[in-house]
Structures are given as C-alpha cells and as structure tokens.
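# Structural characterization, general
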Amino acid sequence: EAEEAERIRREAEEAERVRLEAEEAERVRREAEEAERQRLEAEEAERLRLEAEEAERVRREAEEEARVRREAEEAERLRLEAEEAERLARVQLRQQVYARLAGELAAPLGVLMKTKGVVAVLVVARDGSVVSEAGDQDADSEASARFVVEAVATLNAPGPELGKWQSWVLEFARGILVLTRLTSDYFLLVWQAGANFGVLTWTIDKNRAQLEAIVAQAPPVPTDVADT
C-alpha cells in the first residue's frame, strides 16, 4: 500500500508538472502572439504615419507649386497688361503727333497734288501707319500702307554697298509710283497717272527738305510690328 501511494503521489506530481509546463508553454505562446501582434500594429502604425507624412509632403509641394504657378501667371498677366498699356500709350501719342503733323504736311502734299497727273500722295510710317494723305478719296490707303511696309523691308535687305536707298520708281501701264525715303521711319508715296516723271521728281526734290523737317518731329517707329 505504501508503494501504491508513492506511485500515485509521483503520478500526481508528474501530472502537475506537465500541467504547469503546458500552462507555461501556453503563456509563452500567448505572450509571443501578443508581442507579434503589437509589433505588427506598430509597423502598421509606422507605415500609416509615413504614408500620411508623404501625402502631406506631396500636398504641400503641390500647393507650393500651384502658388508659384499662380504668382508666375499673375506676374505674367500684369507684365502683359503693362506692356499693352504702354503700347496703347505709345500708339495714342503717335496718333496725336500724326494728327498735328497732318496739318503741317497739308501744304507740301498739296503742292505735290498740283503736279500734273498726281492722283494720291501719302506719308506712311515704316510699320504701315498713315501719317497724312491727300488725293483720290477712293484710293485704298491701307493697301498702299501695306505696300510700303513690304517695299521698305525689301529695299532694306542686304545688297550691294551703294549707300542708303533714296527713291524707288515703279512704272505701270497707265502711270508710275514713286516711293521716297524721308527718314529711316517715314516715307512718301506718290501715285501719278501718265508718265510725267521728270516734273514729279523735280517737285518731290523741291519739297523734300520741308517734308523731312516735318516728319523729323514724329516719334521713332517701334521695332515691334504689333505696336501699330
């Protein structure tokens, strides 16, 4: 009986040891699982934090780029508005000067109009602005002005070293056209029916100094062709 009791005691102790070991193993497993869960949660939280920081950085950069772009667009708009206002001011000033010079040009242009066969006389700026005109009211002054722009561009093209051109004469079936350089920016255009060229050139030469002195008061023509 004593032996049996000892055996039972040892079996109970062994069972208790196994139970305690099992409980310890379970506790260790649960702690490991909890530690892994916490680690994964921490990693996820860190990932979300980094993603949020990256999203915030991208948002701030996008906002900054948009701000810089808006400021650049606004600056460009203001620059263009300022340029346009300046251009319009120059145009207005030129038109005011042209209106005044037209009165002074009336007399020498009237002399040219009295030359036999002359049907139209214009003073035209290099950019095509008509400073003053006289003669045939049905004449297309805009077409004549465009002709002056194209002709001057052609005549000013590089060529033989003959000095600055002074006059250009075109002969047509029923008349001639004379383009005369008054200054580097202003030109005289005369249409004449018939071919009495000698008298016309003599009259132009006779009045040339007066015409040059008048248009010398005109402002320089901007190089920007849009400033017309």
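Everything that follows concerns the structure shown earlier in this document.
Everything in this summary refers to the structure shown in the same document. (Residues numbered from 1 in each chain as written. Predicted model: local features only at pLDDT ≥ 70, side-chain atom pairs only at ≥ 80, totals over all residues. Heavy atoms only, no water.)

## What about the overall build of the protein?
In terms of regular secondary structure, the protein is built from 3 helices and 5 strands. Taking 17 Å as the expected radius of gyration for a compact globule of 228 residues, we find that the protein reaches 48 Å, considerably beyond that expectation. In terms of its C-alpha atoms, the protein occupies a principal-axis envelope of roughly 165 × 35 × 35 Å. Within the protein, the fraction of its 228 residues that count as buried is 26%. Restricting to contacts in the protein with at least 6 residues of sequence separation, those with at least 24 account for 58%. On the protein, roughly 15,100 Å² of surface is accessible, and the fraction owed to carbon and sulfur atoms is 57%. The average position of the 33 basic charges and that of the 51 acidic charges among the side chains of the protein differ by 8 Å. (Helix = DSSP H or I, 4+ residues; strand = E, 2+ residues; numbered from the N terminus. Rg over C-alpha atoms; globule rule 2.2 N^0.38 Å. Buried < 20%, exposed > 50% of the residue type's maximum accessible area, 1.4 Å probe, protein only. Contact = heavy atoms within 4.5 Å. Areas by Shrake-Rupley, 256 points an atom, 1.4 Å probe, with all protein chains shown as cover. Lys, Arg positive; Asp, Glu negative; His and termini not counted. Charge placed at Lys NZ, Arg CZ, Asp CG, Glu CD.)

## Topic: the pattern of salt bridges
Within this structure, the stated rule accounts for 39 salt bridges. Its salt-bridge partner being Arg29, residue Glu33 comes within 2.4 Å of it at the nearest N-O pair. Of this pair, Glu33 and Arg29 are both found in helix H1 (residues 2-113), 4 residues apart, which corresponds to roughly one turn of the helix. With relative accessibility at 37%, the residue Arg29 sits in the partly exposed group. (Salt bridge = Lys/Arg side-chain N within 4 Å of Asp/Glu carboxyl O.)

## Quick look at the nonpolar core
Proteins that are soluble and globular tend to have nonpolar side chains buried together. Ranked by size, the top nonpolar core spans 24 residues in total, and within it Leu105, Leu109, Leu112, Val123, Tyr186, Leu188 and Val190 carry the most contacts. Secondary structure elements with two or more residues in this core: H1, strand S1 (118-125), strand S4 (175-181), strand S5 (186-193) and helix H3 (197-215). Top element by residues in this core is H1. It accounts for 6 residues. Filtering out sequence-adjacent residues up to four positions away, Leu109 remains in contact with Val121, Val123, Ser132, Glu133, Ala134, Leu188 and Leu211. Val124, Val148, Ala151 and Trp165 belong to the second largest nonpolar core, which has 11 residues in total. (Core = buried A, V, L, I, M, F, W, Y, C linked by side-chain atoms within 4.5 Å.)

## Overview of the packing of H1 against H3
For the pair H1 and H3, the least separation of the axes is 10 Å and the interaxial angle reads 175°. Taken together, the axis directions place H1 and H3 in an arrangement best described as roughly antiparallel. Residues Leu101, Glu104, Leu105, Pro108, Leu109, Val111 and Leu112 of H1 pack against Thr203, Ile204, Asn207, Gln210, Leu211, Ile214 and Val215 of H3. The residue inventory of the contact of H1 with H3, partitioned by class, reads 10 nonpolar, 3 polar and 1 charged. (Axes fitted to C-alpha atoms, helices over the stretch in contact; angles between N-to-C directions. Parallel < 35°, antiparallel > 145°, perpendicular 65-115°, else oblique. Nonpolar A, V, L, I, M, F, W, Y, C, P; charged D, E, K, R; others polar.)

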